[in-house]
Structures are given as structure tokens and as C-alpha cells.
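Residues per chain are reported as follows:
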Amino acid sequence: MSTSSPPVEIQGLSRQFQNKLALDNVSLRIERGRVFGLVGENGAGKTTLIKHILGLLRAKSGSVRVFGLNPVASPVQVLSRIGSLSENRDLPAWMRIDELLRYTAAFYPTWDKGFAEQLRQQFGLDPSAKIKNLSRGENARAGLLLALAFRPELLVLDEPSSGLDPVVRRDILEAIIRTVADEGRTVIFSTHLLDEVERVADELAMMFHGRVVLHGPLDDVKQKHRRLVLRFDAAQTLPPNIEGALGISGSGREWAIICNGKQDLAIAAVTRLGGKIVAEEPASLEEIFVAQAAGVQAITRNPA
Amino acid sequence: MQLHISTGDGLPIYLQIASQIKHLSASGRLAPGDEIPPIRVLAQQLLINPNTVARAYLELEREGIVVKRHGSGTYISDNGSPLARKERLKIIMDRIDALLVESRHLGIDRDELFKILKERQQHMQPQETT
């Protein structure tokens, strides 16, 4: 029935909280076997989007389908196929690790006891330790173990590495890599760490103010965005306005612009202003992110 | 095989892997016939997406730097890599450029630089085989 449906398909999803538009007409399709990285500033709408995928929020306008099903109408069928980990992990504080594993295993017919034990040892979790006594990093590892041990078809991680030390972050990245290396499994993760996206994502979406402003295969995004260094004969006191550039930074005679596939326009504009291009190189993800953020801010300030 | 991935700059990770393996092979740290790690192993080691490693290997295979043997693994190809000399030249040229920039900053002119190069070369002579 749903085997041919993509893991996630979202169409025209909007969501308002009081006066704030948390999601603004978001459409995304996430294909099987991909690692999908969702990046954006705090409050951009990443968590709200993920809550819709997990069926924790009902789509009020637009639609959300997970394996072809509505996650709110069919929570059991959907959630039995998703392993998830959120920033606020609420594991039962009074349980011991071994109790937690037995308890969780009962919910999942696909629970892999051997894999769970292997992960427990790898993560150095003491079976007799009480959840309430775990450190933050151990808590994250326990949550990760629960999300992985039933070998879900879809792994959804909401800011998994937020506030964690590099060793735990490494465990999380390893888990993502291992999951996707298993044929046909899919990962969605949100983060504000661009380094993580660059390492493990096949596909990327950037969100600002509830909107997806950039979406595509990571390689395409990186290939399309170029960083051009411009040089003018005379110092420019104000940032020159360059058509086709997403953002501009610099001072005096040398400026840098980020272009998204429109460098021909930009080069022509620079020439008209009497400047020349002295270097062209691929833009880093951080430069792309900052340029996109600046572009969104400019639109918000001066709506067309 | 030790590679170093840097995510700060714009260079795609698959190209970083491909160029580092080319360097290792051109400089002799990887010899013809040496096996390079399976895709999954290198992905786990470098903490990167396995598809990225696969893409780097494909690139290297296309350029004749590595060969895939059915059901066994991926190996540095036997000598005949058409790019090996070009790669070796590129490595040395990068070093020479750095040397020229440095000597200019330190106020060492061309003749003096040549003289020093010759002296250093003579200094190393006894260790050379020919």
C-alpha cells in the first residue's frame, strides 16, 4: 500500500501560533534513502515542521503524508516506522536503563535486541543506572539507542546535538551514517550546525521565518552558489548595489558577493559600476546561509 | 589511510577526498596495488555520508587512479595512471609558489634563492641513492 510512497510528502503546509506565522506554505518531498538536513535560525519553524511529521501537530492548512499516511489519523502505523529524538528528551526518570530497554522493546515488533545491546555497550550505558541520574550526554545516548534499536525506516532527529559535547555529537553523526548505509533508510535532521549538514546531508533545506527559502541536493546548492571578489579603483563608502547578488560584504575597494546561479547578471552589474572580478570560488555553506538570511531580512524590511 | 576533511571552505567533500587520495598516490604513501578502505568504513571514519565517499571513488576510478575489483575492493591502479605525473608536478608547483612568495617577503632575491637551493641539494646528496 504505502511502500511506493515517499517517506515524507508535505504540501502547502502553513501554521499560525497567535500572531506568528510559524510555517508559511511549506512544500517538501523527502525521498527514500536520503539524509535530509534542515537548517535555520532559532524560531525559523524547524521544530514545528518536525512535529507535523511526527503527528504531534495536526495540519490545519495543507497536507502532511508520511509513508503515504496522515500521521495524525494513523499514529500507530506511522510511528512504528519512525525512530525519533528531540532536543527535550523526556524519558521516564524513575526507570533503570535495562527496564527502559525492555519497556520500549515491547512497543516495537522489529526491536533488535542484539543491536540494542551492542549500542548500549558502545555508548557505555550502565544497565542498572537510573534515568534521572544520567548526565546530559548519557541521556542523549539513551534516547538515540531507543530511536535506533528497532531499525526504523525513517529516523527523525530534531536538533539532536544541541548542547552536547563533541563525543556525543560524533555518536549522533555515526548513527545517521549507519542508518543511511542500511539500504533504503531515510534520515531527517534539523540543526544549526552547518558543519554537520555538510558532512552527512544529501539534501538540504534552509528555513527562515517559517518559509523554505532554499531546497535541493547539497551538491547542487554548493555548486550554484559562488563567491565573487570585486575590486573597484576607488574606495566605496556604501556597499554597492549589485543585481544578481544575494549578499555583499567588505569595505573600501574590495567587496565579496554571493551569487546563486546569477553571476552573469552580477558580473555585468559590477562592470557597469567600474569594478572588476578578481576572484571567483565556491561559496561555503556558512556564506550561503548568511547571504540567504540577509536576503530574507531585506525582503521583510522592504516588502515588494 | 589518513585523510582530513574540512567543511569550512567551499570545496565539496568528495573533491577533497579525491584530491587527497591522488596526492597520497602521487607521493608514494599509497602504492600501486594498495587497497583503499571500503566506502562504509571510510564514511564512518571521516563521519561523512557514504554517498559522498562513493562519488569520490567513482571520480578516482574514472580518472584511472583506482580500480575496482569485482567483489573484493578498490585498489590504487598499477602505475599507468595518466595523471600521476601531472599530480606530482602540481604538488611540487604548489610548494614552489609558496617558496617564492615566502622568499619575496623575506627579501631573498632569485639568485640567492637558486644558490640556497643548490646548497641544500648538495647537502642532501649523500642520502640519495644515485
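Residues numbered from 1 in each chain as written. Chains lettered and ligands numbered in written order. Predicted model: local features only at pLDDT ≥ 70, side-chain atom pairs only at ≥ 80, totals over all residues.

### Some words on the overall build of chain A
Stage number 1. On a plain count of helices and strands, chain A comes out with 10 helices and 12 strands.
Stage number 2. For chain A, the C-alpha atoms occupy an extent of roughly 70 × 40 × 35 Å along the three principal directions.
Stage number 3. Evaluated residue by residue, chain A yields a buried proportion of 42% over its 304 residues.
Stage number 4. Within chain A, residue pairs in contact and separated by at least 24 positions form 69% of the contacts whose partners lie at least 6 positions apart. (Helix = DSSP H or I, 4+ residues; strand = E, 2+ residues; numbered from the N terminus. Buried ≥ 20, exposed ≤ 12 C-beta atoms within 10 Å, placed from the backbone. Contact = placed C-beta atoms within 7 Å.)

### Observations concerning the interface of chain A and chain B
Stage number 1. Contacts between the two partners involve 20 residues from chain A and, on the opposite side, 15 residues from chain B.
Stage number 2. Among the secondary structure elements, those contributing two or more residues to the side of chain A that touches chain B are α6 (166-181), α7 (194-200), α8 (218-224) and β12 (275-282) of chain A.
Stage number 3. Of the residues forming the side of chain A that touches chain B, the biggest block, six residues, is contributed by α6 of chain A.

### Details of the sheet that holds strand β11 (residues 245-260) of chain A
Strand pairing within a sheet occurs via backbone hydrogen bonds; the two strands may be parallel or antiparallel.
Residue and element names in this part refer to chain A.
Stage number 1. Spatially, three strands are ordered β11-β10-β12 in an open sheet, and the strand pairing comes out antiparallel. The sheet is open, and its two edges are formed by β11 and β12, each paired on a single side. Strand-to-strand twist in this sheet, taken as the mean axis angle between neighbours without regard to direction, amounts to 25°.
Stage number 2. Relative to β11, strand β10 (residues 225-236) is paired through eight bridges, and the arrangement is antiparallel. Each bridged residue has a counterpart across the sheet, and for histidine 225 the counterpart in β11 is asparagine 260. (Pairing = 2+ DSSP bridges. Axes fitted to C-alpha atoms, helices over the stretch in contact; angles between N-to-C directions.)

### Regarding the domain arrangement of chain A
Residue and element names in this part refer to chain A.
Stage number 1. Under the domain assignment used here, chain A contains domain 1 (8-209) and domain 2 (223-301).
Stage number 2. Between domain 1 and domain 2, the C-alpha centre-to-centre distance is 37 Å.
Stage number 3. Each partner contributes residues to the interface: domain 1 has eight residues there, and domain 2 has seven residues.
Stage number 4. Of all the secondary-structure elements, those providing two or more residues to the side of domain 1 that touches domain 2 are α7 and β8 (203-208).
Stage number 5. At three residues, α7 tops the list of elements feeding residues into the side of domain 1 that touches domain 2.
Stage number 6. In terms of residue class, the side of domain 1 that touches domain 2 is built from five nonpolar, one polar and two charged. (Domains from an automatic or database assignment. Nonpolar A, V, L, I, M, F, W, Y, C, P; charged D, E, K, R; others polar.)

### Comments concerning the sheet that holds strand β1 (residues 8-17) of chain A
Residue and element names in this part refer to chain A.
Stage number 1. What the three strands build is an open sheet, ordered β2-β1-β4; its pairing is antiparallel. Every interior strand has two partners, whereas the edge strands, β2 (20-30) and β4 (61-66), have only one. Taking the axes of each pair of neighbouring strands and ignoring which way they run, one obtains an average angle of 20° across the sheet.
Stage number 2. Pairing analysis gives seven bridges linking β1 to β2, with the strands arranged antiparallel. From the neighbouring strand, valine 8 faces β2, where its bridge partner is isoleucine 30.
Stage number 3. Sheet strands touched by helix α1 (residues 46-53): β1, β2 and β4. Its angle to β2, the strand with the most contacts, is close to 55°.

### So, the domain arrangement of chain B
Residues and elements named next belong to chain B.
Stage number 1. The assigned domain composition of chain B is domain 1 (13-76) and domain 2 (84-127).
Stage number 2. Distance between the C-alpha centres of domain 1 and domain 2: 30 Å.
Stage number 3. With four residues of domain 1 in contact, the opposing surface of domain 2 contributes four residues.

### Let's talk about the environment of valine 67 of chain B
Residue and element names in this part refer to chain B.
Stage number 1. Summarising the element assignment, valine 67 is placed in strand β2 (residues 66-69).
Stage number 2. Look at valine 67 and you get partly exposed, because 16 C-beta atoms sit within 10 Å.
Stage number 3. For the pair valine 67 and glycine 33, spaced 34 residues apart in sequence, the C-alpha separation works out to 9.1 Å.
Stage number 4. When residues no more than four places from it in sequence are discounted, the contact partners of valine 67 are Glu61, Tyr75 and Ser77.

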